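Topology and contacts: notes
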There are 2 protein chains.
Amino acid sequence: VDVRDTGEFALIERLRALLPAPETGALVVGIGDDAAVWRAESPYVAATTDTLVAGVHFLPGRVSWSDVGWKALAVNISVIAAMGAAPAFALVTLALPPETPLADVEALYRGLGECAGTYDVAVAGGDVVAAPVFSVTVALTGRVRASGDAPVLLRRDAAQPGDVVGVTGALGGSAGGLRLLQGGAVDGVGQALVQRHMRIRPRVDAGEIAVKHGVRCAIDISDGLAQDLGHVCRASGVDAEVRIDRLPLAPGLAEAFPEDARFMAVAGGEDYELALVAPEDVLREVDAALRAQAGMPDGEQVTIVGRITGEGEGRVRVVDERGAGVELARRGWDHLRR
Amino acid sequence: VDVRDTGEFALIERLRALLPAPETGALVVGIGDDAAVWRAESPYVAATTDTLVAGVHFLPGRVSWSDVGWKALAVNISVIAAMGAAPAFALVTLALPPETPLADVEALYRGLGECAGTYDVAVAGGDVVAAPVFSVTVALTGRVRASGDAPVLLRRDAAQPGDVVGVTGALGGSAGGLRLLQGGAVDGVGQALVQRHMRIRPRVDAGEIAVKHGVRCAIDISDGLAQDLGHVCRASGVDAEVRIDRLPLAPGLAEAFPEDARFMAVAGGEDYELALVAPEDVLREVDAALRAQAGMPDGEQVTIVGRITGEGEGRVRVVDERGAGVELARRGWDHLRR
């Protein structure tokens, strides 16, 4: 049974049934009318969109469709988290080759629905189109905190000389997982890395705590820390330095890739942790608040890995423990360049 | 020069420069940060998304990239109009084959920007990804009218026995234009039909006037009147009848396609006019208000073409002037079926 057999309208009905019932009472019109309608739950709205294309952003056959569904929504949640906002409403577009098995689309929607349920996102609508190549596009809104009449945000352009650079969680696991997927067979420890590549856990918790504690500058680590921090530095007119030996490595990464682990952590991308830029004492408070919330008094939730060195044109220097510059074969991802 | 030469980040900068400066003061963070941020200008928000895929939804080489850009946004505006809402903020996703000429993407953005300027839409952000096939996806929000604390909408599920069915403007022009494009060379009159296929003019004016005058049920005509009215009837639990001889035909259509014009008008699709369902006196008021606004005292702006015959399972019967049933080879579009 493929999607030509069900047709567009019956498929939409089936997919709708796979989604969790939205928790929010703010959804006025959901899937089935021309447009979705909801009540804005905050005066300010954050919005983002991201696409996964088969063969470009994931390897069909190597990963499960439910993992693809989870990731399609989760990458958008990560961007909303990086603004310090809380995810709210999603629109989902499926571009389907006619021979797409119905079971694959349903599995994708189950994974997407799991992610929606976990992060309290209401899937409010979307679109299904025929296309020669499979892709899934999610557009997601988020509720922005306000202080009085002003929005309170984590922006790219708010880094200042004297700030330090912290990262949440651990890095490099996603790049390690991708390398394992590309190689073929994956063992037990490897599976954990693959999970970090597909079942990403966007840091909505860290974004909300950061903005509450006065952090005003952040980005999510999607293209690789060196490159993403470069976006922050260029937008802020500053330069930065990152200590490659201080990067918190994903569990199992150093064992699986002893040569490359540090490079995966600084340039691998797709970890979807947050890079936070703020005065050191502020990041220490965020770290303490995250540890308290996680019930983990020991171990760092935010690791300080670098600093803003001064005003500049957006240069990020990666250095080792002796302060010597480290050459990166690639700083991160550009999705179009040869 | 293709998009591999510019790369993702420089391309986004170039495209941003092609967009009109947003009129609204409500945009807090535009293109360039992680997510866009805006101030919600109404308590209720409508949202929709639609995709155009090269070779599926348009014929590359036969249409201009600027027309594709206009249409990509305009089809979404039409859906917002069909809810009785006013378009507001858009996110644009481009999926680009690596060999895409930069000039094509820029032309697309010029057309999209023209449409944004015409309909007062702020393009707030988006995404650029590599893909084997070109597509453009727009997600669009709209401001919904409220009466007290309740949203006032044009919904699919509000048709009632005794209501009549009216359509704005004229029908079939888009289908005629598509047929001409598929055939090759297009003459002067034909160009006007092709314009109706690509440079569609969503009826935000009609949606707003309809909702203001008490209409509560509508849909935009994207898949063809017979099929779109079927969506309304199923959602509302009613049946309907459409008089094929009463359909207002696009100028030049009957001359270009004497045999098929009526069928193009009832099942051709992509006219992006509105089908309004309401008591007859209400639609007469909407017609008068639209004529007054257009400064055109003569000629119908809303043509009554059918009626809701009673409660039912969503059947739409197409009849001729003698009330005899008309067989349609195809009722409209399903985007997946064989």
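Cut-offs used in this document
- Residues numbered from 1 in each chain as written.
- Chains lettered and ligands numbered in written order.
- Predicted model: local features only at pLDDT ≥ 70, side-chain atom pairs only at ≥ 80, totals over all residues.
- Heavy atoms only, no water.
- Helix = DSSP H or I, 4+ residues; strand = E, 2+ residues; numbered from the N terminus.
- Rg over C-alpha atoms; globule rule 2.2 N^0.38 Å.
- Buried < 20%, exposed > 50% of the residue type's maximum accessible area, 1.4 Å probe, protein only.
- Least-squares fit on C-alpha atoms with pLDDT ≥ 70 in both.
- Contact = heavy atoms within 4.5 Å.
- Phe/Tyr/Trp six-rings, centres within 6.5 Å; stacked < 30°, edge-to-face > 60°.
- Axes fitted to C-alpha atoms, helices over the stretch in contact; angles between N-to-C directions.
- Parallel < 35°, antiparallel > 145°, perpendicular 65-115°, else oblique.
- Left-handed = near helix turned anticlockwise from the far one by under 90°.
- Nonpolar A, V, L, I, M, F, W, Y, C, P; charged D, E, K, R; others polar.
- Pairing = 2+ DSSP bridges.
- Salt bridge = Lys/Arg side-chain N within 4 Å of Asp/Glu carboxyl O.
- Polar contact = N/O pair within 3.5 Å; in protein donor to acceptor, adjacent residues only side chain to side chain.

Attention now goes to the overall build of chain A. Secondary structure summary: chain A contains ten helices and 14 strands in total. At 20 Å, chain A has a C-alpha radius of gyration in line with the 20 Å of a compact globule built from 338 residues. Counting only C-alpha atoms and orienting by the principal axes, one finds that chain A spans roughly 65 × 55 × 40 Å. The buried share among the 338 residues of chain A stands at 61%.

Below, the discussion takes up the relation of the copies chain A and chain B. After a rotation of 180 degrees and a shift along the axis of 0.0 Å, chain A superposes on chain B with an RMSD of 0.0 Å. Such values leave the two copies arranged in the relation of a two-fold axis. A shared binding surface is used by both copies, with 99% of the interface residues of chain A retained as interface residues in chain B.

Quick look at the packing of aromatic side chains now. What the rule picks out here adds up to ten aromatic pairs over all chains. Here the aromatic rings of tryptophan 38 of chain A and phenylalanine 89 of chain A are separated by 4.4 Å at their centres, their planes lie at 0 degrees, and the arrangement is stacked. Taken together, the residues span a long stretch of sequence, with tryptophan 38 of chain A in strand 2 (residues 36-39) and phenylalanine 89 of chain A in strand 4 (residues 86-96) at a distance of 51 residues. Accessibility assignment for this pair places tryptophan 38 of chain A and phenylalanine 89 of chain A in one class, buried. Here the aromatic rings of phenylalanine 58 of chain B and phenylalanine 134 of chain B are separated by 6.0 Å at their centres, their planes lie at 80 degrees, and the arrangement is edge-to-face.

A separate point is the packing of helix 4 (residues 173-183) of chain A against helix 5 (residues 188-198) of chain A. Residues and elements named next belong to chain A. In contact at an axis separation of 7 Å, helix 4 and helix 5 are set at 110 degrees when each is read in the N-to-C sense. Judged on the interaxial angle alone, helix 5 and helix 4 are roughly perpendicular. The handedness of the crossing between helix 4 and helix 5 comes out as left-handed. Contacts between helix 4 and helix 5 pair Gly173, Ser174, Gly176, Gly177, Leu178, Leu180 and Leu181 from the former with Gly190, Leu193, Val194, Arg196 and His197 from the latter. Among the residues forming the contact of helix 4 with helix 5, the class breakdown is five nonpolar, six polar and one charged.

This paragraph deals with the pairing of strand 6 (residues 135-143) of chain B. Residue and element names in this part refer to chain B. Where burial is concerned, most of strand 6 is hidden: eight out of the nine residues are buried. Inspection of the sheet shows strand 4 (residues 86-96) paired to strand 6 by eight bridges, in the antiparallel sense. Its bridge partner lying in strand 6, proline 87 is registered against glycine 142.

Residues and elements named next belong to chain A. Along the polypeptide, glutamine 182 turns up in helix 4. A C-alpha to C-alpha distance of 8.2 Å links glutamine 182 and arginine 62, two positions 120 residues apart in sequence. Among residues more than four places away in sequence, those in contact with glutamine 182 are Leu59 and Arg62.

Quick look at the sheet that holds strand 11 (residues 238-243) of chain B now. Residues and elements named next belong to chain B. Across the sheet, which stays open at both edges, the six strands sit in the order 10-12-9-13-11-14 with mixed pairing between neighbours. In this open sheet, the two strands that pair with only one neighbour each are strand 10 (217-220) and strand 14 (316-319). Neighbouring strand axes in the sheet, compared pairwise and without regard to direction, differ in orientation by 25 degrees on average. In this sheet, strand 13 (residues 302-311) lies alongside strand 9 (residues 164-168) in antiparallel orientation, the contact comprising five bridges. Across the sheet, valine 165 pairs through a bridge with glycine 306, a residue of strand 13. The sheet strands contacting helix 10 (residues 280-294) are strand 9, strand 12 (274-278) and strand 13, and the helix crosses strand 13 at an angle near 160 degrees.

Interfaces are often sized by the accessible area lost when the parts come together. Across the contact, 68 residues belong to chain A and 67 residues belong to chain B. Taken together, chain A and chain B are joined by four salt bridges. Between aspartate 33 of chain B and arginine 156 of chain A there is a salt bridge, and its shortest N-O distance comes to 4.0 Å. Seen at the junction of chain A and chain B, the total is 14 residue pairs in polar contact (both at pLDDT 80 or more). At nine residues, strand 3 (residues 44-53) of chain A tops the list of elements feeding residues into the side of chain A that touches chain B. Looking at side-chain class alone, the side of chain A that touches chain B contains 38 nonpolar, 14 polar and 16 charged residues.

Before going further, it helps to examine unusual backbone geometry. All names here are of chain B. For glutamate 270, which is not glycine, the phi dihedral falls at a positive 65 degrees. Here glutamate 270 is to be found in the loop between helix 9 (261-267) and strand 12. Exposure remark for glutamate 270: the relative accessible area of 18% places this residue in the buried category. Positioned with a positive phi, tyrosine 272 is a non-glycine residue whose angle comes to about 55 degrees. The residue tyrosine 272 is located in the loop between helix 9 and strand 12 in this model. Given a relative accessible area of 6%, tyrosine 272 falls into the buried group.

Tallying each qualifying case throughout the model produces 40 salt bridges over all chains. One salt bridge connects arginine 307 of chain A with glutamate 241 of chain A, and the closest N-O pair in it is separated by 3.8 Å. One end of the pair, arginine 307 of chain A, is in strand 13 (residues 302-311); the other, glutamate 241 of chain A, is in strand 11 (residues 238-243), and 66 residues separate them in sequence. The partly exposed category is assigned to arginine 307 of chain A, whose relative accessible area is 41%. Overlapping salt bridges, with partners in common, bring together Asp33 and Asp34 of chain A together with Arg156 of chain B in one network.

Since the α-helix advances by 3.6 residues per turn, residues separated by three or four positions end up pointing in the same direction. Along helix 6 (residues 204-212) of chain A, the residues classified as buried are Val204, Ala206, Gly207, Ile209, Ala210 and Val211 of chain A. At the C-terminal side of helix 6 of chain A, glycine 214 of chain A shows a positive phi close to 100 degrees.

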